[in-house]
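# What the coordinates show
Each chain, written out:
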Amino acid sequence: GAVVSQHPSWVICKSGTSVKIECRSLDFQATTMFWYRQFPKQSLMLMATSNEGSKATYEQGVEKDKFLINHASLTLSTLTVTSAHPEDSSFYICSASHTSGSLISTDTQYFGPGTRLTVL
Amino acid sequence: AQSVAQPEDQVNVAEGNPLTVKCTYSVSGNPYLFWYVQYPNRGLQFLLKYITGDNLVKGSYGFEAEFNKSQTSFHLKKPSALVSDSALYFCAVRSPSGGYQKVTFGTGTKLQVIP
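Here is a short report on the structure shown in this document. Bear in mind that the values here come from a model prediction, so they are computed numbers and not experimental data. (Residues numbered from 1 in each chain as written. Chains lettered and ligands numbered in written order. Predicted model: local features only at pLDDT ≥ 70, side-chain atom pairs only at ≥ 80, totals over all residues. Heavy atoms only, no water.)

Take the sheet that holds strand β7 (residues 67-73) of chain A next. Residues and elements named next belong to chain A. Spatially, β1-β3-β8-β7 is the arrangement adopted by the four strands of the open sheet, whose pairing is antiparallel. The two strands at the open ends of the sheet, each matched to only one other strand, are β1 (4-7) and β7. When the angles between neighbouring strand axes are averaged without regard to direction, this sheet yields 15°. Bridging between strand β3 (residues 19-25) and strand β8 (residues 76-81) involves six bridges; their strand directions are antiparallel. Looking at β8, one finds that R24 is bridged to L76. (Pairing = 2+ DSSP bridges. Helix = DSSP H or I, 4+ residues; strand = E, 2+ residues; numbered from the N terminus. Axes fitted to C-alpha atoms, helices over the stretch in contact; angles between N-to-C directions.)

Right under this line is the structure:
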């Protein structure tokens, strides 16, 4: 259990276009999803925390108008990179924490396989 | 503020030998501690966690980790390394206080198991 998928696994786009990345929890309901960015040979940088049905909480320095996050259901969150530029090229990873009945399992995040974005 | 330190960028170990990947942390209160593994161009896979209870935690693929409160450490160990264990390993910490679930990751340690 606790499988998270991302789509697409990789995308190449032209500068100035927008790209949408989907994150789905396949076998559990995720009240909270997280979006990370990972640069080569570096750790994960949390971009934002996405809660179902409410606005995302962005980390300091992350432009919320550029990285639009929508968490419309308990199994789907989307990250849209608007007006992408080459410096947005990166590996984007989502994760999800699941809710089990009335007990919130707040201790473990399950990660998607990541999306490689290349902006030309 | 919470933080995690993985002092080794890379660890090399011969196949069949025991391995240790080091991690120390800083957090207010009792920590939630995690180990994840990442294979090239993939997301992170959960290995194990410490929340409370026994200081020795057993996880996936034969890995285990020992929580040491006095040394604020949570080193990852395996008795006998496999070539397939070669990957990037991340230690992570989270404070149990509050409803915000932000987890802080270390910088990662590359494990190279030599045949």
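So, about the state of the cysteines. This structure, assessed with the given rule, holds two disulfides over all chains. Put simply, C23 of chain A and C94 of chain A are joined by a disulfide, and their sulfur atoms are 2.0 Å apart. Looking along the S-S bond of the C23 of chain A-C94 of chain A disulfide, the torsion reads about 80°, which is the right-handed sense. Remark: C94 of chain A occurs in strand β9 (residues 90-100) and C23 of chain A occurs in strand β3; sequence separation between them is 71 residues. Here C23 of chain B connects covalently by a disulfide to C91 of chain B, the sulfurs 2.0 Å from one another. Across the disulfide from C23 of chain B to C91 of chain B, rotation about the S-S bond amounts to roughly -65°, and the bridge is consequently left-handed. Highlighted residues: C23 of chain B in the loop between β3 (19-21) and β4 (24-26) and C91 of chain B in strand β10 (residues 87-94), separated in sequence by 68 residues. Of the residues examined, C23 of chain B reaches a relative accessible area of 0% and is grouped as buried. Cysteine C13 of chain A shares no disulfide, and the gap to the nearest cysteine sulfur, in C94 of chain A, comes to 18 Å. (Disulfide = S-S within 2.5 Å. Buried < 20%, exposed > 50% of the residue type's maximum accessible area, 1.4 Å probe, protein only.)

We now examine the pattern of salt bridges. In this structure the tally under the stated criterion is four salt bridges over all chains. Between D88 of chain A and K66 of chain A there is a salt bridge whose closest N-O contact spans 2.9 Å. Of the two residues, D88 of chain A sits in the loop between β8 and β9 while K66 of chain A sits in the loop between β6 (57-58) and β7, which places them 22 residues apart along the sequence. Of the two residues, D88 of chain A and K66 of chain A, both sit in the buried class. For the salt bridge of K78 of chain B with D85 of chain B, the shortest nitrogen-to-oxygen distance reads 2.8 Å. Per residue, the accessibility class of K78 of chain B equals that of D85 of chain B, and both read buried. (Salt bridge = Lys/Arg side-chain N within 4 Å of Asp/Glu carboxyl O.)

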